[in-house]
Amino acid sequence: MRWKGVHHVEFSVLRYEESIAFFDRMFGWLGYRSFWTLDIGYRSTYYMARFPFFHSYIGIQPASGGAPLSSRNHSPGIHHVALWARNRREVDAFHEDFLLHNRVEVTDPPAEYSAYTPGYYAVFFDDPISGIHFELCHTPLLPSVAAVRRWFRALKVEWKQHPEWQRPPWSQAMRPLPSKK
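Residues numbered from 1 in each chain as written. Predicted model: local features only at pLDDT ≥ 70, side-chain atom pairs only at ≥ 80, totals over all residues. Heavy atoms only, no water.

J.: Hey, could you run me through the packing of aromatic side chains in this one?
T.: Each aromatic ring pair is summarised here by two numbers: the centre-to-centre distance and the angle between the ring planes. Under the defined criterion, the tally for this structure stands at 20 aromatic pairs. Aromatic pair F22 and F23: ring centres 5.3 Å apart, planes at 65 degrees, arrangement edge-to-face. Overall, F22 belongs to the partly exposed group, its relative accessible area being 41%. Between the aromatic rings of Y42 and Y116, the centroid separation amounts to 6.3 Å while the plane-to-plane angle is 75 degrees, which identifies the pairing as edge-to-face. On the criterion of sequence distance, the pair formed by Y42 in the loop between β2 (33-36) and β3 (45-48) and Y116 in the loop between β6 (106-112) and β7 (121-126) is long-range, its members being 74 residues apart. On the basis of relative accessible area, Y42 is assigned to the partly exposed category, the value being 27%. Classification of Y116 as partly exposed rests on a relative accessible area of 35%. Through a chain of ring-to-ring contacts, three or more aromatic side chains come together here, namely F22, F23, F27, Y32 and Y47. (Phe/Tyr/Trp six-rings, centres within 6.5 Å; stacked < 30°, edge-to-face > 60°. Buried < 20%, exposed > 50% of the residue type's maximum accessible area, 1.4 Å probe, protein only. Helix = DSSP H or I, 4+ residues; strand = E, 2+ residues; numbered from the N terminus.)

Pasting the structure below:
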């Protein structure tokens, strides 16, 4: 039986800066912490209740177009849903035994994403009926020393490409939120 469900959900939003201002207020009031991708590979701002230990979190990305959603007509709006995997072996087995076996479109095969967090390992795929984007990922509770080193190296590579960053990416990415006051 699983002890974790959804890893994270990302929403594509209109008027990104206005949306972030709203979510900062809302999640700040609720006591969440926030971080963002620093535009490494893509742009997204995240909100999570438990920090630094990852649990479920919500990501907000800019939409490339579209109209406001209506919950009454069930318009699509989620960028992707990420589900927790027990370990890397489960990600690999799911890829081989389910996705490939059922001819599900795999957009990104299983790989470690060192810049995300130490030991982050995932496969990305699309729902064949509605095209909803999913991810099955594993984030180790206690990453190996080697995974932490790969994470630091990946972030140092990114840091060299961004002279505008005043601090290392592991601290630059953290964002203060307003309190309930």
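From this point on, the discussion continues.
J.: Teacher, can you tell me more about the pairing of β3 here?
T.: Regular strands have side chains that alternate between both faces of the sheet. Of the two faces of β3, the one carrying T45 and Y47 and the one carrying Y46 and M48 are both buried. Two strands pair when backbone bridges link them, and β2 and β3 are joined in this way by 4 bridges, in the antiparallel orientation. Of the residues in β3, the one forming a bridge with R33 is M48. (Pairing = 2+ DSSP bridges.)

J.: How do you make sense of unusual backbone geometry when you look at a structure like this?
T.: A negative phi angle is the norm for most residues apart from glycine, just as the trans form is the norm for most peptide bonds. Even without being a glycine, R15 presents a positive backbone phi close to 45 degrees. With respect to the helices and strands, the residue R15 is situated in the loop between β1 (6-13) and α1 (16-30). Overall, R15 belongs to the exposed group, its relative accessible area being 57%. Despite not being glycine, D39 has its phi angle at roughly 60 degrees, a positive value.

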